[in-house]
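So the chains spell out like this:
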Amino acid sequence: MGEEVKAAKEKGEPLLLPNFSVHYLRHCDKIIYGLFEPIMRTRRGGMVDNILGLVGRTNPLFESDISRIEGELTEIISNSRFLVVGGAGTIGSAICRELFARNPKVLHVVDISENNMVELVRDIRSSVGYGTGEFATFAIDCGSDIFEDFINAQVKRIGGYDYIFNTSALKHVRSEKDPFTLMRMIDTNVFYTDKVMQMAEKMGAKKYFCVSTDKAANPVNMMGASKRIMEMFLNRRSANMPLAMARFANVAFSDGSLLYGFNRRIDKNQPLSAPCDVRRYFVTPKESGQLCLMSCLTGENRDIYFPKLSQELNLVTFSSIAEKYLANLGYEPVQCATEQEARDRVLELKAKRQWPVYFFTSDTTGEKDFEEFYTDNEVLDMNRFESLGIIKNELDYDEKKLEYFVSRIKELRSAGVWERGELIDLFNEMIPNFNHKETGKFLDGRM
């Protein structure tokens, strides 16, 4: 190999990689991985491989339950057609990976993010490879008339879908900071979700799945409340279309999350910032996909699945994760008194294998001190699965209240201008126990 390199250099000729590229590049890979393995193990592709340790856990949550019914899951998936809406996000792509690994007849993915969709395809092709079924992605907005045309075309071409997963959502608490983003949240989380379920009913799908959130239980922010209102609308639709949902914890290192931001801050030589008093439950991206899969394929109509609390699932502070994250990279966290001090000291501390952190007490609108998956008034089945609990729901909705919500939103939209307070008042009418936590401060005002 060395002689070939030397000869090519002496002749001034380009080195033809096909002569030795496979073995040489594999050798280079081993060298590179050996040098950078500690960092790659933590931050490969912007994702975290050893997430469990960072969130204070040692074992995956759902493996035993899935193993017990793996045959049933594989049988259903290999004989069914699936559509995943919002399928290029963290949860949606995790669902796609779980489905693709079990060789579905059809797997179609719809999302507005072209870039995330490309990465999903590359990830699947580079890991599982290929299946015998049809796999295709479509960069379409599920709220558009083009999406309606797409659904009609697929009904004619392949007979529609057996199962539809809808993971599209505005998920950030910070999205309630202005009335226009808040109105889009209502469109996406409530109306578009209901619209896609109506399409599922029309085509004769077997089940419609939608992601809810732990923040829908006793909500204190508009995002959680929008998901609770979504549950009301979908309950009405479930009279004719079987429905499954899931409430689950924060998905660690999901797109746009605070933990995801840790990767970006390190890449850009910036300090880490996190609240020290906010506690959250965390699941891994893979676990999020497994939870949705189990809910959709094994749940009864109107069931809402959630992870059971256990020794493996405990409330964790963001600041403790930040400290473990830095330790995993070989850095000692150094707490700074102000944001500016943290910004100023990055290069100084980095040279000593330290990293500046700024931890603060949360004071922003809509932040709940801790999360919960269900309320005291909800009926639970805690016996069917080892690691999953189920909220059992009857067909129970207030038609007048739902129609009032629709008419009130139409009224505000037709006026062309609306205030954030008007939407908060409407949410209070829809959810009598809505305890909106308003401080006048928002996360966009934080580092």
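Residues numbered from 1 in each chain as written. Predicted model: local features only at pLDDT ≥ 70, side-chain atom pairs only at ≥ 80, totals over all residues. Heavy atoms only, no water.

A. Up close: the packing of helix H10 (residues 222-237) against helix H16 (residues 399-415). Taken N-terminus to C-terminus, the directions of H10 and H16 make an angle of 120°; their axes are 11 Å apart at the nearest point. Considered as vectors, H10 and H16 are oriented oblique to each other. For H10 against H16, the interelement crossing comes out left-handed. Here H10 contributes Ile229, Met232, Phe233 and Arg236 to the contact with H16, which in turn contributes Glu399, Leu402, Glu403, Phe405 and Val406. When grouped by side-chain class, the residues that make up the contact of H10 with H16 number six nonpolar, no polar and three charged. (Axes fitted to C-alpha atoms, helices over the stretch in contact; angles between N-to-C directions. Helix = DSSP H or I, 4+ residues; strand = E, 2+ residues; numbered from the N terminus. Parallel < 35°, antiparallel > 145°, perpendicular 65-115°, else oblique. Left-handed = near helix turned anticlockwise from the far one by under 90°. Contact = heavy atoms within 4.5 Å. Nonpolar A, V, L, I, M, F, W, Y, C, P; charged D, E, K, R; others polar.)

B. Representation of the environment of Asp277. By the secondary structure assignment, Asp277 is in the loop between strand E8 (272-275) and strand E9 (279-280). Residues Asp277 and Ser362 lie 85 residues apart in sequence; the distance between their C-alpha atoms is 6.7 Å.

C. The arrangement of the pattern of salt bridges in detail. The tally for this structure, following the rule as stated, stands at 28 salt bridges. Residue Arg97 pairs with Asp123 through a salt bridge whose shortest N-O separation is 2.8 Å. Here Arg97, found in helix H6 (residues 90-100), pairs with Asp123, found in helix H7 (residues 114-127); they are 26 residues apart in sequence, far enough to count as distant. According to the relative accessible area criterion, Arg97 is partly exposed, its value standing at 32%. A salt bridge links Lys392 to Asp303; its shortest N-O distance comes to 2.9 Å. With a gap of 89 residues between them, Lys392 in strand E16 (residues 388-392) and Asp303 in strand E11 (residues 303-307) connect regions that are remote in the sequence. The exposure class of Asp303 is buried, given its relative accessible area of 1%. Through salt bridges that share partners, Glu70, Glu98, Arg102 and Lys286 make up one connected network. (Salt bridge = Lys/Arg side-chain N within 4 Å of Asp/Glu carboxyl O. Buried < 20%, exposed > 50% of the residue type's maximum accessible area, 1.4 Å probe, protein only.)

D. Broad picture of the sheet that holds strand E4 (residues 163-166). Sheet architecture is open: nine strands sit in the order E3-E2-E1-E4-E5-E6-E11-E16-E15, paired in mixed fashion. Unpaired on one side and paired on the other, strand E3 (134-138) and strand E15 (379-381) mark the two borders of the sheet. With direction set aside, neighbouring strand axes in the sheet form an average angle of 20°. By the bridge criterion, five bridges tie strand E1 (residues 81-85) to strand E2 (residues 106-110) in an arrangement that is parallel. (Pairing = 2+ DSSP bridges.)

E. Focus on the packing of aromatic side chains. For the coordinates displayed, the defined rule picks out 20 aromatic pairs. Between Phe82 and Tyr163, the ring centres sit 5.4 Å apart and the planes meet at 15°, which makes this aromatic pair stacked. Of this pair, Phe82 sits in strand E1 while Tyr163 sits in strand E4, placing them 81 residues apart in sequence. Residues Phe82 and Tyr163 agree in their burial class; the two are buried. Linked through ring pairs, Phe82, Tyr163, Phe165 and Phe209 together constitute an aromatic cluster. Sitting over the ring of Tyr260, Arg264 keeps its end group 4.9 Å from the ring centre. Sitting over the ring of Tyr331, Arg353 keeps its end group 4.0 Å from the ring centre. (Phe/Tyr/Trp six-rings, centres within 6.5 Å; stacked < 30°, edge-to-face > 60°. Lys NZ or Arg CZ within 6 Å of the ring centre and 35° of its normal.)

F. View of a nonpolar patch on the surface. The grouping of Tyr374, Leu380 and Met382 at the surface amounts to a nonpolar patch, some 220 Å² of accessible area in total. Given the relative accessible area of 32%, Met382 is considered partly exposed. (Patch = residues over 30% accessible without salt bridge, like charges linked within 9 Å, V, L, I, M, F, W, Y side chains within 5 Å. Areas by Shrake-Rupley, 256 points an atom, 1.4 Å probe, with all protein chains shown as cover.)

G. Local environment of the pairing of strand E14 (residues 354-360). With seven of its seven residues buried, E14 lies for the most part within the structure. Examined bridge by bridge, strand E13 (residues 332-335) and E14 share four bridges and lie parallel to one another. For Pro333, the partnering residue across the bridge sits in E14 and is Trp355.

H. Expanded view of unusual backbone geometry. With a phi close to 75°, Arg302 is a non-glycine residue in the positive phi region. Turning to its location among the elements, Arg302 is positioned in the loop between helix H12 (285-298) and E11. A positive phi angle, close to 60°, is found at Arg353, a residue other than glycine. Of note, Arg353 is situated in the loop between helix H15 (346-350) and E14.

I. Broad picture of the sheet that holds E14. The three strands are arranged E8-E14-E13 in an open sheet whose pairing can be described as parallel. Where the open sheet ends on each side, the last strands, each with one partner, are E8 and E13. Neighbouring strand axes in the sheet, compared pairwise and without regard to direction, differ in orientation by 35° on average. With respect to the sheet, helix H11 (residues 258-267) is in contact with E8 and E14, its orientation differing from that of E8 by roughly 160°. Along the sheet, helix H13 (residues 318-328) contacts E8, E13 and E14; its crossing angle with E8, the most-contacted strand, is approximately 150°.

J. The environment of Glu386, seen in detail. Tracing the backbone through its elements, the reader meets Glu386 in the loop between E15 and E16. Distance in space between the C-alpha atoms of Glu386 and Lys308 is 8.0 Å, their sequence separation being 78 residues. Excluding anything up to four places from it in sequence, Glu386 contacts Ser64, Asp65 and Lys308.

K. Up close: the nonpolar core. Grouped together as the largest cluster of nonpolar side chains are 98 residues, with contacts concentrated most on Phe147, Phe165, Tyr208 and Phe405. Take this core: its biggest share by element is eleven residues, from helix H9 (residues 179-203). When neighbours within four sequence positions are excluded, Phe165 is seen to be in contact with Phe82, Leu83, Val84, Val85, Ile95, Leu99, Phe209, Cys292, Leu293 and Cys296. With 24 residues, the next largest nonpolar core counts Leu259, Val316, Leu326 and Phe359 among its residues. (Core = buried A, V, L, I, M, F, W, Y, C linked by side-chain atoms within 4.5 Å.)

L. Highlighting empty space enclosed by the protein. In the structure shown here, the tally under the stated rule is one cavity of 30 Å³ or more. Counted as a void, the largest cavity has a volume near 40 Å³. Lining of the largest cavity is provided by Phe100, Asn103, Pro104, Leu107, Gly131, Thr132, Gly133, Glu134 and Phe135. Class assignment of the residues belonging to the lining of the largest cavity gives a composition of four nonpolar, four polar and one charged. (1 Å grid on protein atoms, 1.4 Å probe; cavity = no way out; pocket = protein on both sides within 12 Å on 5 of 7 lines; lining within 4 Å. Points joined across faces, edges and corners; volume = space filled by probe spheres on them.)

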